[in-house]
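These are the residues of each chain, in order.
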Amino acid sequence: MSETEPTPTSLPQEPSPVDSFPLQVPPVVPPDVPVISNITKADLPPFSVLFEETLRIYKRNILSLTKVSLVNLMIYLAVTLIMGVAGGIIYASVAFKLSLLIVIPVSIILGVIALFFGTRLAVTTGMALIMCVSDVPFNGIKAMYKEAWGRASKYFFVSFVLALIVLGGFLLFVVPGVIWSLMFGLATYIVLFEDFGAIEALKESKRRTDGKKGKLVLRYVQFMVLMVLVRVVSAIPSAVFESTEIQIFGGILTFIIEVIVWPFNLIFPYLIYKYTKP
């Protein structure tokens, strides 16, 4: 009598992918993006990781930063030209004894318009530079400026209030000024990238930095020390040698280094905001 062959249902079954769901799939990370392990939004990465990511963002966005910087330069030149025209009208009216009843009001109106739009444009261009180093996608520079222009009033108000708070802290003693600048310093980024009002942004900044002030101080001190060291090294030729040629070379070198490193002052604080965001 022959043995009964096992039916297909009696064979051992392999677990199907559906039965073992969810699958543990390792994340796909581009080769130029550092993997930050064991770091949550409630933590601050070590300075080495923050600076490595600063360099990555710098390399990725240097072209956009250059374009926005050139646009900013053209805006500043235009505002300066308008202010110069207003001042020239007043000077010409005095020199050529023109009717001051007409010239002075026109000059004042031009000056007020230039001051208003100049201030708003200065705020907007500063916001656009911060947007350049962020992870928020924008469809070109025009869209970036449009978004920044719409948020400029809140950003200016928060910056003004923050400056008063920090100034008051420094007038009392240095330590309160440092603590309050850390406590409320995220408010400008919160207004820029999130849907918060000015006062709500200050409160939210205080909440996010609660319990992290020691780490924030350490990260900023490490960053400032590094930036100071870079500037000291660039100033060595001018300080050591007295010849005219070396002085000229040292001045050019200092200027080039300053142009290269200034975006770091935008990127590093943005990363602090990024890693304190819930």
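Here goes a summary of the coordinates provided. These figures come from a predicted structure and were not determined experimentally. (Residues numbered from 1 in each chain as written. Predicted model: local features only at pLDDT ≥ 70, side-chain atom pairs only at ≥ 80, totals over all residues. Heavy atoms only, no water.)

### Concerning a nonpolar patch on the surface
Alright, step 1. Together, F170, V174, V178, V217, V221, M224, V225 and L229 line one region of the surface with nonpolar side chains, adding up to about 660 Å² of accessible area.
Alright, step 2. Elements supplying a minimum of two residues to the nonpolar patch: α4 (174–184) and α7 (213–240).
Alright, step 3. Sort the elements by how many residues they give to the nonpolar patch and α7 lands first, with 5 residues.
Alright, step 4. Residue placement: M224 occurs in helix α7. (Patch = residues over 30% accessible without salt bridge, like charges linked within 9 Å, V, L, I, M, F, W, Y side chains within 5 Å. Areas by Shrake-Rupley, 256 points an atom, 1.4 Å probe, with all protein chains shown as cover. Salt bridge = Lys/Arg side-chain N within 4 Å of Asp/Glu carboxyl O. Helix = DSSP H or I, 4+ residues; strand = E, 2+ residues; numbered from the N terminus.)

### Let's talk about helix α3 (residues 140–172)
Alright, step 1. Compared with an ideal rise of 1.5 Å per residue, which puts 33 residues at 48 Å, α3 spans 45 Å between its outermost C-alpha atoms and is within 8% of the ideal.
Alright, step 2. By the largest-angle criterion, A152 marks the main kink of α3, which is about 55 degrees. (Expected span 1.5 Å × (residues − 1). Bend = angle between axes of the 7 residues up to and from the residue.)

### Observations concerning the environment of Q222
Alright, step 1. As for its position among the elements, Q222 is in helix α7.
Alright, step 2. Sequence separation of Q222 and F51 is 171 residues, and the distance between their C-alpha atoms is 10.0 Å.

### Side note on the pattern of salt bridges
Where charged atoms of side chains with opposite charge meet at close range, the side chains can pair.
Alright, step 1. Inspection of the entire model under this criterion finds 7 salt bridges.
Alright, step 2. The partner of E147 in a salt bridge is R151, with the nearest N and O atoms 2.7 Å apart. One end of the pair, E147, and the other, R151, are both in helix α3, 4 residues apart, so they sit about a helical turn from each other.
Alright, step 3. Here R151 falls in the buried class, since its relative accessible area comes to 18%.
Alright, step 4. What emerges from the salt-bridge pattern is a single network uniting E194, E204, R207 and R208. (Buried < 20%, exposed > 50% of the residue type's maximum accessible area, 1.4 Å probe, protein only.)

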